Amino acid sequence: MRRRQPRARPGASPRPARPRAPLPGCGGPAARSEVTMEISGLPVELWRLILSYLRLPDLGRCSLVCKAWYELILSLDNTRWRQLCLGCTECRHPNWPSQPDVEPRSWREAFKQHYVASQTWAKSTQDFEAARCLHAFRRRKDRRVLRVGPGCALDTLRAALAAAGPYDRILLLPGVYEEQSEVPLKVPVEVVGQGKLGDVALLASIDQHCPTARLCNLVFMPAWFSPVVYKTTSGHVQFDNCNFESGQLRIHAPGTCQVKFCTFSQSSVHLHSVALGLLENCEFLGSETASVTVEGPPTSERNWACKHLAALAQACPPAPRTGGDLSPLLPASQAGRGRESAGGSPGGAEDGAAGDLQTDSSDSEPSAGSETEADEQAAYRLSYRAHGPSHRRAQAEGLAALQRELALRTLPQELQRDREAQALASSLQGCLIRKCLFRDGKGGVFVCSQGRARLEGSVFRELTYAVRCIQSSKVVMLQNDIHHCKASGVFLRLAAGGLIAANNIHSNGEAGVDIRKGANPLILCNQIHSGLRSGIVVLGNGKGVIRSNQIYGNREAGVYILYNGNPVVSGNHIFQGLAAGVAVNENGRGQIIENVIRENQWGGADIRRGGDPVLRSNLICCGYSDGVVVGERGKGLIEGNTIYGNKGCGVWIMASSLPHVTNNRIGHNSIYGVAVFCRKDEADDYPAGQGGHESFGEEGEAAAWESDLESEDERFASRRPLSVALVESNSISHNGAAGLYVKSSEALNVIGNAIHANREAGVAVLQSGQLTRIANNSISCNSRGGVLVESAARVELRGNGIYDNRSHGIASKGDGLVVENDILGNRGCGLRLLQAADMKVTKNRIQSFGDYGIAMLDQSKGLVQDNLIFQGRSQKTILQQVSTAEDCVVQNNQLLTAKSRCDIARTLENPPARPHLEGSAPGSALATNAQKGPTVSTRIAARMDRDCHSEGSIFCTLL
């Protein structure tokens, strides 16, 4: 019966008909044509209340009416769709078990994905492409339901399986069903427990021989004769909302499995050469071995379920644990991990780092005197005005720019630039473990014998280890939480590899990631922090690429490399550790490139006992100890780093080490810029956890690393070997003590450095049992002398420019050579020999404003010959010879009185002002390094242009 329509008024235009919708729950077309309802007739809130009582089929019909009704049905996400999802006995909370308190993005979508997944097992019949009309015969629509239990015709599972036809449903009533022998499953069936989970228990061992099966709402316990509760070697099996207690689930290729919302209590899953298996939203607890074992390479023989499982894997992304969207690059569209850890935000320290790098230290300039004295000094002193406050601001800005340049990349950025990483992130084979919880057991996931596994959005906690990957296997780990493991969180060895990206790995008893014996993974964009030992350990021929990670707050080294480990560590932020940022020990190697290493308790980089890394282009700053420590028998190339603002020395070099320290910016450190000491490492001469007493054997396995070591020829093939420690082409400035401090019994070469504005002497040699060669350096504006040589030290000073220091240019009590140097504009003597000094001083150009050019005091001896000595504006003579030693010879020196700077400038034109870095003179200390002359010259020239103001000293202009 239709409603009576109101009669239109005469002359009025007809009102357009408003869209009408059928009443939900009504019958066929006739009923829908008879009864209509306007969606705008009631408030939206009232519609939502009415629709919250509809069943799922009725909601589907309503959504097909029109766009308005479709949007209304979608708006029920937090009400009716949530009720339907949580009320389903076959599934649990979409984020169970790891995040049951986190709402899904959409309850409707979660319910839809569960429903689609629950039907995967029934898609095994063949598709007939040539006869699409046969699609209706894929399986019977009227499948039977067989009830099993007390009071039913069937009382055992074996009897029900014998009576069941294909795709029948076997409903087990509450109770315990025990089988005394193995139960074969020969027809595709669905076995469902009635009631709540735990009401139906199976004590059986089931062997599947059919193409597909589904088991739901059951508790599996092993029979007395076998620990295996279920196994298949060919077909596909699906488990929904089941419990496994003290049993094993075994899947052998070409079989496959899909396991959702299941609990494994002291139970395990073993996948052997499986092409693709899905474990989603499962809980593993109390395991005595690995909870999931993935063994063998994925088989090329695939069963019917593989394409459906692949579609499910890509259609069901894990909920992001923190912000960030990886959908443009990852097949499952998972979200990237944010940059802040659960235990605290390192972002504040990051943001404040630029401020921490600023300093109040200034250049060392002559103190202001009378106006007349200032006018007189103006003709000769080097002003270096660029190193005033404006220079400090420019330097701070340069450091801020460097920090921006070394900013962490996100995972999408890393994948865009690395095809290998992108291929690994897109791979989908072997076992996919998603949104699972592993806790309170021995092991999480064990991948071996060329197995393949992918772990996404899972939590591993309070285990002995979380993930172990060995024997040429590969694991892809994305967005997992791994914490409070008793041993290492992730352990790779024996040529294992894969991708470990965007994980939060923290608070583990051993290393966060342990790489050894040829393992070679990609470790990108993780947070690795708060460990009781090191963040990442690479040893025993381990390799790997460690890039764009935050590694902080670990008790030992952020990255620890030893026993011939050889990783590439680049673009990471390694900070606030309780030991060294990077430690290379026991013949470790590696390339440490473009990292920010800051605020660590011990050295930013610590190299000892045969460690031989390449440390290049890093920012090593604000540490509570030294920037770089090279301990006993340490080696390595330390090149192009900015070593700034550390509370100890910039670079600390101990005896019996052979480092090559080149092209670094070493400034504003609290003590020495570079210090070379004779002290050897004692048994306990290590920072806590930084070597010495550590044991890297695994579970009683002997650590026989000697058999893994590569030959020395291969180790040094990439760069020239050194027989003497070499410090060359560095900028060493504004440090709290001497720029270079030497107290060693071994030889040292100091070549081509700019040593400027340090608060004590530019170079101080207090002890030198063997010759210290100081050649082609620019030593200027230091608060005390340019070069200080104490008694019993042996030095060779050749080709240096020693300018405008606040005390003597060179003051020596020791032995050696001073040849072809320019010693100009210093406040004290140009050259001062005293006590028992024995120096050969030839072919130098020497000038001092306020003191003698050369002063020979006490019992000093030697040869002073063929030098060009200028007299300053003072009334003192050019040469002071007080020494009465018979071996003190002064001859053939040219003494000049310069009337202006132009006179000195003309004299310095041929040869030009030193240091000379191209075409070294014969016999120079640079002879062995002549092939690098142009490069070194370019670098030093660039530094001097930056460090000297255009209106500064004539000497700087000439340089």
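## A closer look at the overall build of the protein
Line of reasoning, step 1. When its secondary structure is counted, the protein shows 17 helices and 75 strands.
Line of reasoning, step 2. Partitioning the intrachain contacts of the protein with sequence separation of at least 6 by distance along the chain shows that 53% fall at a separation of at least 24.

## Quick notes on the packing of helix α2 (residues 44–51) against helix α4 (residues 67–74)
How two helices sit against one another is set out by the angle between their axes and by the gap between those axes.
Line of reasoning, step 1. Across the interface, α2 lies against α4 with an axial gap of 10 Å and an inter-helix angle of 70 degrees. It follows from the interaxial angle that α2 and α4 lie roughly perpendicular. Each of Val44, Trp47, Arg48 and Leu51 in α2 lies in contact with α4, whose residues at this interface are Trp69, Leu72 and Ile73.
Line of reasoning, step 2. Tallied by class, the residues present in the contact of α2 with α4 amount to six nonpolar, no polar and one charged.

## A closer look at helix α13 (residues 419–426)
Line of reasoning, step 1. What α13 keeps buried is the set Ala421, Leu424 and Ala425. All buried residues of α13 project into a common sector of 100 degrees when viewed along the axis, lining one side.
Line of reasoning, step 2. Next to the buried residues of α13 lie α12 (411–417), β24 (452–456), β26 (474–478), β29 (497–501) and β32 (520–524).
Line of reasoning, step 3. Of the residues that open α13, the one with a side-chain oxygen 3.0 Å from the backbone nitrogen of Glu420 is Asp418.

## Remarks on a negative patch on the surface
Line of reasoning, step 1. Side chains of Asp815, Asp838, Glu886 and Asp887 sit close together on the surface and give a patch of like negative charge.
Line of reasoning, step 2. Among the secondary structure elements, Asp887 is positioned in the loop between β73 (879–881) and β74 (888–891).

## A closer look at the pattern of salt bridges
Line of reasoning, step 1. Using the criterion set out here, one finds 27 salt bridges in the structure.
Line of reasoning, step 2. Measuring nitrogen to oxygen at the nearest pair gives 3.6 Å for the salt bridge that ties Glu280 to Arg434. Highlighted residues: Glu280 in strand β19 (residues 276–280) and Arg434 in strand β22 (residues 430–434), separated in sequence by 154 residues.
Line of reasoning, step 3. The exposure class of Glu280 is buried, given its relative accessible area of 5%.
Line of reasoning, step 4. One salt bridge connects Asp822 with Arg845, and the closest N-O pair in it is separated by 2.7 Å. In this pair, Asp822 is assigned in strand β66 (residues 822–826) and Arg845 in strand β69 (residues 845–848), connecting sequence segments 23 residues apart.
Line of reasoning, step 5. Here Arg845 falls in the buried class, since its relative accessible area comes to 5%.

## Structural notes on the packing of aromatic side chains
Line of reasoning, step 1. Applying the stated rule across the entire model yields 14 aromatic pairs.
Line of reasoning, step 2. Plain terms: the ring middles of Phe244 and Phe264 are 4.5 Å apart, the flat faces sit at 0 degrees to each other, and that makes the pair stacked. Separated by 20 residues along the polypeptide, Phe244 in strand β14 (residues 243–245) and Phe264 in strand β17 (residues 263–265) bring together distant segments of the chain.
Line of reasoning, step 3. Given a relative accessible area of 1%, Phe264 falls into the buried group.

## Thoughts on unusual backbone geometry
Line of reasoning, step 1. Omega for the peptide link from Ala253 to Pro254 comes to 5 degrees, which places this bond in the cis form.
Line of reasoning, step 2. Inspection of the secondary structure assignment puts Pro254 in the loop between β15 (248–252) and β16 (256–260).
Line of reasoning, step 3. Residue Pro915 follows Arg914 across a cis peptide bond; omega there is 10 degrees.
Line of reasoning, step 4. With respect to the helices, strands and loops of the structure, Pro915 is situated in the loop between α15 (901–907) and α16 (933–947).

## Observations regarding the confidence of the model for the protein
Line of reasoning, step 1. This prediction gives the protein a mean pLDDT of 79; 73% of its residues lie at or above 70.
Line of reasoning, step 2. Predicted confidence for residues 681–695 stays below pLDDT 50, and this span has 40 contacts to residues more than four positions away or in other chains.
Line of reasoning, step 3. Ignoring residues within four places in sequence, the model shows residues 699–717, a span with pLDDT below 50, making 30 contacts including any to other chains.

## Some points on the side chain of Ser625
Line of reasoning, step 1. Tracing the backbone shows Ser625 in the loop between β45 (619–621) and β46 (628–630).
Line of reasoning, step 2. Not counting chain neighbours up to four residues away, the residues in contact with Ser625 comprise Asn600, Gln601, Trp602, Gly603, Asn646, Lys647, Gly648 and Cys649.

## Details of the packing of helix α3 (residues 56–63) against α4
Line of reasoning, step 1. At a closest axis distance of 7 Å, the pairing of α3 and α4 adopts a crossing angle of 140 degrees. With respect to their mutual orientation, α3 and α4 come out oblique. Contact residues: Leu59, Cys62 and Ser63 in α3; Trp69, Tyr70 and Ile73 in α4.
Line of reasoning, step 2. Tallied by class, the residues present in the contact of α3 with α4 amount to five nonpolar, one polar and no charged.

## Thoughts on the environment of Gln238
Line of reasoning, step 1. Tracing the chain through its elements places Gln238 in strand β13 (residues 236–240).
Line of reasoning, step 2. Expressed as a C-alpha distance, the spacing of Gln238 and Thr256, which sit 18 residues apart in the sequence, is 8.8 Å.
Line of reasoning, step 3. Within polar-contact distance, the side chain of Gln238 engages the side chain of Asp240 at 2.8 Å.

## Digging into a nonpolar patch on the surface
Line of reasoning, step 1. A surface patch of nonpolar side chains, amounting to about 490 Å² of accessible area, comprises Leu42, Leu46, Leu49, Ile50 and Tyr53.
Line of reasoning, step 2. The topology assignment puts Leu49 in helix α2.
Line of reasoning, step 3. The class for Leu49 is partly exposed, based on a relative accessible area of 49%.

## Thoughts on the state of the cysteines
Line of reasoning, step 1. For the structure on display, the rule yields zero disulfides.
Line of reasoning, step 2. No disulfide involves Cys431; its sulfur sits 6.7 Å from the nearest other cysteine sulfur, which is in Cys257.
Line of reasoning, step 3. As a non-bridged cysteine, Cys469 has Cys448 as the owner of its nearest cysteine sulfur, 9.0 Å distant.

## Here we look at the pairing of strand β25 (residues 459–469)
Line of reasoning, step 1. Counting buried positions along β25 gives eight out of eleven residues, so the element sits mostly inside the fold.
Line of reasoning, step 2. Taken together, the eight bridges between strand β23 (residues 437–448) and β25 define a ladder with parallel strand orientation. From the neighbouring strand, Val447 faces β25, where its bridge partner is Cys469.
Line of reasoning, step 3. Relative to strand β28 (residues 490–492), β25 is paired through three bridges, and the arrangement is parallel. Considered in β28, the bridge of Arg468 is made with Phe491.

## Section: the environment of His236
Line of reasoning, step 1. You can see His236 is positioned in strand β13.
Line of reasoning, step 2. It is 7.1 Å that separates the C-alpha atoms of His236 and Trp121, two residues lying 115 residues apart in sequence.
Line of reasoning, step 3. A polar side-chain atom of His236 sits 2.9 Å from a polar atom in the side chain of Thr256.

Here is what the cut-offs are and how they apply
Residues numbered from 1 in each chain as written. Predicted model: local features only at pLDDT ≥ 70, side-chain atom pairs only at ≥ 80, totals over all residues. Heavy atoms only, no water. Helix = DSSP H or I, 4+ residues; strand = E, 2+ residues; numbered from the N terminus. Contact = heavy atoms within 4.5 Å. Axes fitted to C-alpha atoms, helices over the stretch in contact; angles between N-to-C directions. Parallel < 35°, antiparallel > 145°, perpendicular 65-115°, else oblique. Nonpolar A, V, L, I, M, F, W, Y, C, P; charged D, E, K, R; others polar. Buried < 20%, exposed > 50% of the residue type's maximum accessible area, 1.4 Å probe, protein only. Arc of directions from axis to C-beta. Polar contact = N/O pair within 3.5 Å; in protein donor to acceptor, adjacent residues only side chain to side chain. Patch = residues over 30% accessible without salt bridge, like charges linked within 9 Å, V, L, I, M, F, W, Y side chains within 5 Å. Areas by Shrake-Rupley, 256 points an atom, 1.4 Å probe, with all protein chains shown as cover. Salt bridge = Lys/Arg side-chain N within 4 Å of Asp/Glu carboxyl O. Lys, Arg positive; Asp, Glu negative; His and termini not counted. Charge placed at Lys NZ, Arg CZ, Asp CG, Glu CD. Phe/Tyr/Trp six-rings, centres within 6.5 Å; stacked < 30°, edge-to-face > 60°. pLDDT = per-residue confidence, 0-100. Disulfide = S-S within 2.5 Å. Pairing = 2+ DSSP bridges.

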